[in-house]
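# Summary of structural features
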Amino acid sequence: MIAAQLLAYYFTELKDDQVKKIDKYLYSMRFSDETLLDIMQRFRRELVKGLGRDTNPTATLKMLPTFVRSIPDGSEKGDFIALDLGGSNFRILRVKVSHEKKQTVQMESQIYDTPEDIIHGSGTRLFDHVAECLGDFMEKHNIKDKKLPVGFTFSFPCQQTKLDESFLLTWTKRFKASGVEGMDVVKLLNKAIKQRGDYDADIMAVVNDTVGTMMTCGFDDQRCEVGIIIGTGTNACYMEELRHIDLVEGDEGRMCVNTEWGAFGDDGRLEDIRTEFDREIDRGSLNPGKQLFEKMVSGMYMGELVRLILVKMAREGLLFEGRITPELLTKGKFETKHVSAIEKSKEGLSKTREILTRLGVEPSADDCIAVQHVCTIVSFRSANLIAATLAGILMRLKENKGVARLRTTVGIDGSLYKMHPQYARRLHKTVRRLVPDSDVRFLLSESGSGKGAAMVTAVAYRLADQSRQIAQTLSEFRLTTEQLLEVKKRMRTEIQNGLSKSTQDCATVKMLPTFVQSTPDGTEHGDFLALDLGGTNFRVLLVKIRSGKRRTVEMHNKIYAIPLEVMQGTGEELFDHIVQCISDFLDYMGMKNARLPLGFTFSFPCRQTSLDAGILVTWTKGFKATDCEGEDVVGLLREGIKRREEFDLDVVAVVNDTVGTMMTCAYEEPTCEIGLIAGTGSNACYMEEMRNIEMIEGDEGRMCVNMEWGAFGDSGCLDDIRTEYDRAVDDFSLNPGKQRYEKMCSGMYLGEIVRNILIDMTKRGFLFRGQISETLKTRGIFETKFLSQIESDRLALLQVRSILQHLGLDSTCDDSIIVKEVCGAVSHRAAQLCGAGMAAVVDKIRENRGLDHLNITVGVDGTLYKLHPHFSRIMHQTVNELAPHCNVKFLLSEDGSGKGAALITAVGCRLRQELNNK
């Protein structure tokens, strides 16, 4: 017993001693984590170089765009053919993807031989051979009459310009067919198929085997966004943000990039870690100085590396008692599969003895331990180096996504990874150490590149079909110039109906007279109070207007809340509350004793009978105070002031916010005679000739008319351009059938239109993996401010995703692109419709004045106009196109409802004074 223990102890000591000796001998092949992190950083720098337009030509990592923009989302279905040409065998697969209960894939495949004379013959012969094999396959499967989509795995370095266009850069793997380099391989194959004429095929995608691996794994796990091959050769691809790929136009979404990482280090960047053995391998290779990283890590060279080390150690007397056999000196005699066999944990040592014996050496126990350890060091180095470069890609993804912790899946294929007993475990372990803030799943690719090509084709097919259907849905929002001219014409008709006495009652665009008969002329002077009531807050302002050479407007204001019980109590309570707020403000300003003229911005529908009399037609915006509807709001305010008996005010004008906007801008710019609100709601006003306003006596001069154009279309005159989504928004609104134009172009409703489209697209499986979340079902969740943010040009899709996630919508990159497109279509139409309405107004003014050409300014206010990144530009463009005889300028209003009310009051006082002076 003791003897056995002593023997075991001696053997362990011996083993440890041998291992230490080898470790010392091959210390330059063993890397600390610090070195691996340094290699990772070098790789990341090269990666960035490869992505840049100016730096790509000198970069070792070519970062070739693959034009694969999406991984499978689980909704792919159909019948596809995949061709896989990458070695001496040529494989054809038929891949059926179906959705019975869950997505299933059926595959039938056949392998065809590619003879040497074809590999080294002409390109025409090679592609004729491929076309012939494809014809044979289709005949056997009885599908010659079907035009099936084809995916083509072509595992040679190619420059792609489209998904179905790929130019061969250079042949590798013993292929040397003439006349193919520099040519588009899809064109060559199509030509060969056409020449046969006995079947038709639709080649939709060319992919590299690495991309095929990522797509195959992506079918099983939608988190997969990296593909790696660790076999005879090595390469990797991953999903990069399109905005970082300078070689491709556009910056929306992602695209798979083929790194061609085997060439990492070809510029000397890895010289400090290459050993004499790496240099010797390179010197004896077919392509010295090229693919240096691949020569350090891939299966093609690993056995040879071990052989060179063993020869040197034997020469130095460290192995086999210094004996060297002819077999040991023969290149290629020690294969990578031998390395895998030697490293098996149980029978490794006996396998070592067996392999070494075949090489003619008679190994001792020491020799076997030493050789096993040499293999371990060489294969471990390979796993470590791959881990460092993969860590570089993972860190890149983590940064691109802007997340604290990365969750992703890496699809892997290749004989070295699959067959070597320790490789996968070592690789995973090192990656997790180098990228600690990550959860990385490694997924082995089954039937890799062939199925992958079919998947790329299936995704391309799905995306093409989806794009077609999305374009069809959104085409309803893309109005033609003819349609917009028709909207303009109908608006003109409705304007006329509102102005004429005989049709005013049934007109939808009410054209309400405001009794504002002049814009400011610059002589206005004095102190004025302004009240602004239009929502849950109520503002009181003191506006000091000074005329003369240096005209100034100075404002002081205070905001008061209106409690819900006051909004929905009695009219007396509401106006008493308003008067109390005015009293507080006058105390605050120390102006209780002055009898100031006052302008009252009252943003509710009113029928005015004079400048200082407005009868409330109906409450909106949550107000329900009793005994107000049908009453003159100025009268109610005066009674409230009287009840308080503290101060007196001269109520000169009751004002609508649209008119206030026009007056504010007119004070700065005399040509401003139109006001526009494009915000939560939408409305316009303009200076109409008195002779055209039949509801009011008098033909002289002009008067501002409040159009109340939001109700345009309530007669059904816009039904031909309203979509099912507009109808849904209208049906579920607080006022169905009312304000239809406003519901198509104002901020309050655009988000709701978008939400309805997104629900429909999700039901049809285009978005959010077909899952309608509770959030998406919630009315009003998609605020218009999100449209403005999503459509901002400066916003990357990453930020769009975070907005959607904030709304509880777990979106992919592709989802974000579609959402952005939907938002764009809805807001573009809103701006165009608003522009068509405005074109009708400016042309009406031009005709009123009998002018060939009109110069005019529109005063504008409203959050949609101010904050949306494209609304104002599209609206201006539409007005210019639809009213070519008008030169229309737009001026942004500063505080129309406050300053504007004071200016209307000031103009009213001036006109009253002028009248008295007569």
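Relevant structure appears above.
Here goes a summary of the coordinates provided. Computed from a prediction, not measured in an experiment: that's the story for all the values here. The residue numbering used here restarts from 1 in each chain and proceeds along that chain's sequence as written. Note on the predicted model: pLDDT of at least 70 is required for a residue's local features to be given, and 80 or more for side-chain atom pairs to be given and counted; whole-chain, interface and lining totals, by contrast, use all residues. Computation of side-chain values: all heavy atoms of the structure, hydrogens and water removed.

### Structural notes on the overall build of the protein
Secondary structure is summarised from DSSP: a helix means a run of H or I of at least four residues, a strand means a run of E of at least two, and numbering begins at the N terminus for each. Across its full length, the protein carries 30 helices and 26 strands. Two things to know: the radius of gyration comes from C-alpha atoms, and the globule rule equals 2.2 Å times the number of residues to the power 0.38. The globule rule puts the C-alpha radius of gyration for 918 residues at 29 Å, and the 39 Å found for the protein is more than 25% above it. Overall, the C-alpha framework of the protein stretches about 130 × 70 × 55 Å when taken along its three principal axes. Looking at the protein residue by residue over its 918 residues, the buried ones come to 57%. Only protein chains enter the area calculation, which uses a 1.4 Å probe; residues under 20% of their type maximum are buried, those over 50% are exposed, and those in between are partly exposed.

### Some details on the environment of Gly 402
Here Gly 402 shows up in the loop between helix H12 (365-401) and strand S12 (406-413). In the structure, Gly 402 is positioned 400 residues away from Ser 802 in sequence and 10.0 Å away in space, judged by C-alpha atoms.

### With respect to the pairing of strand S15 (residues 526-533)
In terms of burial, S15 is a largely internal element, seven of the eight residues being buried. When S15 meets strand S16 (residues 537-546), the two strands line up antiparallel, connected through eight bridges. The partner of Phe 528 across the bridge, within S16, is Val 543. When DSSP finds two or more bridges between two strands, those strands count as paired. Adjacent in sequence and paired antiparallel, S15 and S16 are bridged by three residues. Pairing analysis gives five bridges linking S15 to strand S18 (residues 597-602), with the strands arranged parallel. Within the sheet, the bridge partner assigned to Ala 530 lies in S18 and is Gly 599.

### Focus: the sheet that holds strand S26 (residues 886-892)
Taken together, six strands build an open sheet; the order of strands is S14-S24-S23-S22-S25-S26 and the sheet is mixed. Strand pairing shows two members of the sheet lacking a second neighbour, strand S14 (512-513) and S26, which therefore form its edges. Two elements, strand S25 (residues 854-861) and S26, share seven bridges in a ladder whose sense is parallel. From the neighbouring strand, Thr 857 faces S26, where its bridge partner is Lys 889.

### Considerations on the state of the cysteines
We call a pair of cysteine sulfur atoms a disulfide whenever their separation is within 2.5 Å. According to the stated counting rule, one finds zero disulfides in the structure shown. No disulfide involves Cys 158; its sulfur sits 14 Å from that of Cys 256, the nearest cysteine. The closest cysteine sulfur to the non-disulfide-bonded Cys 685 is located on Cys 704, 3.8 Å from its own sulfur. With relative accessibility at 0%, the residue Cys 685 sits in the buried group.

### Section: helix H5 (residues 185-196)
In a regular helix each residue adds 1.5 Å, so 12 residues correspond to 16 Å; H5 covers 17 Å between its end C-alpha atoms and thus fits that length. Those residues of H5 not exposed but buried are Val 185, Val 186, Leu 189, Ala 192 and Ile 193. Buried residues of H5, seen end-on, are gathered within an arc of 130° and therefore sit on one face of the element. Turned more than 90 degrees from where H5 packs its buried face, Lys 187, Lys 191, Lys 194 and Gln 195 sit exposed. Expected helix span is computed as 1.5 Å times (number of residues minus one). Our arc is simply the arc of the directions from the helix axis toward the C-beta atoms.

### Some points on the packing of aromatic side chains
The criterion for an aromatic pair is that two Phe, Tyr or Trp rings (for Trp, the six-membered ring) have centres within 6.5 Å, with stacked assigned to planes under 30 degrees apart, edge-to-face to planes over 60 apart and tilted to the rest. Tallying each qualifying case throughout the model produces 18 aromatic pairs. For the ring pair Phe 782 and Phe 786, a centre distance of 6.3 Å and an interplane angle of 75° mean the geometry is edge-to-face. For Phe 782, a relative accessible area of 3% puts it in the buried group. Judged by its relative accessible area of 6%, Phe 786 falls in the buried class. Three or more aromatic residues link up through ring pairs in this structure, and these residues are Phe 600, Phe 602, Phe 604, Trp 619 and Phe 623. Remark: a charge is flagged as sitting over a ring if the NZ atom of Lys or the CZ atom of Arg is within 6 Å of the ring centre and within 35 degrees of the ring normal. Against the face of Tyr 667 rests Arg 551, its NZ or CZ located 4.4 Å from the ring centre. Taking NZ or CZ as reference, Lys 558 lies 4.5 Å from the ring centre of Tyr 588, over its face.

### Quick look at the sheet that holds strand S21 (residues 650-655)
Ordered in space as S17-S16-S15-S18-S21, the five strands form an open sheet in which the pairing is mixed. Two strands bound the open sheet, and with one partner strand each, they are strand S17 (552-561) and S21. Here the average twist between neighbouring strands, direction ignored, is 20°. In this description, contact between two residues means that some pair of their heavy atoms is separated by no more than 4.5 Å. For helices, the axis comes from a line fit to the C-alpha atoms of the stretch in contact; other axes are also lines fit to C-alpha atoms, and the angle between any two N-to-C directions lies between 0 and 180 degrees. Here helix H18 (residues 571-589) sits on the sheet and contacts S15, S16, S17 and S18; the angle it forms with S17, its principal contact strand, is near 130°. This element, helix H20 (residues 657-668), spans S16, S17, S18 and S21 of the sheet and lies at about 105° to S21.

### Topic: the pattern of salt bridges
Whenever Lys or Arg places a side-chain nitrogen within 4 Å of a carboxyl oxygen from Asp or Glu, that contact is recorded as a salt bridge. According to the stated counting rule, one finds 71 salt bridges in the structure shown. Across the pair Arg 30 and Asp 23 runs a salt bridge, and its minimum N-O distance is 3.2 Å. The partly exposed category is assigned to Arg 30, whose relative accessible area is 45%. A cluster of three or more residues bridged by salt bridges with shared partners is formed by Glu 271, Arg 274, Arg 279, Asp 282 and Lys 295.

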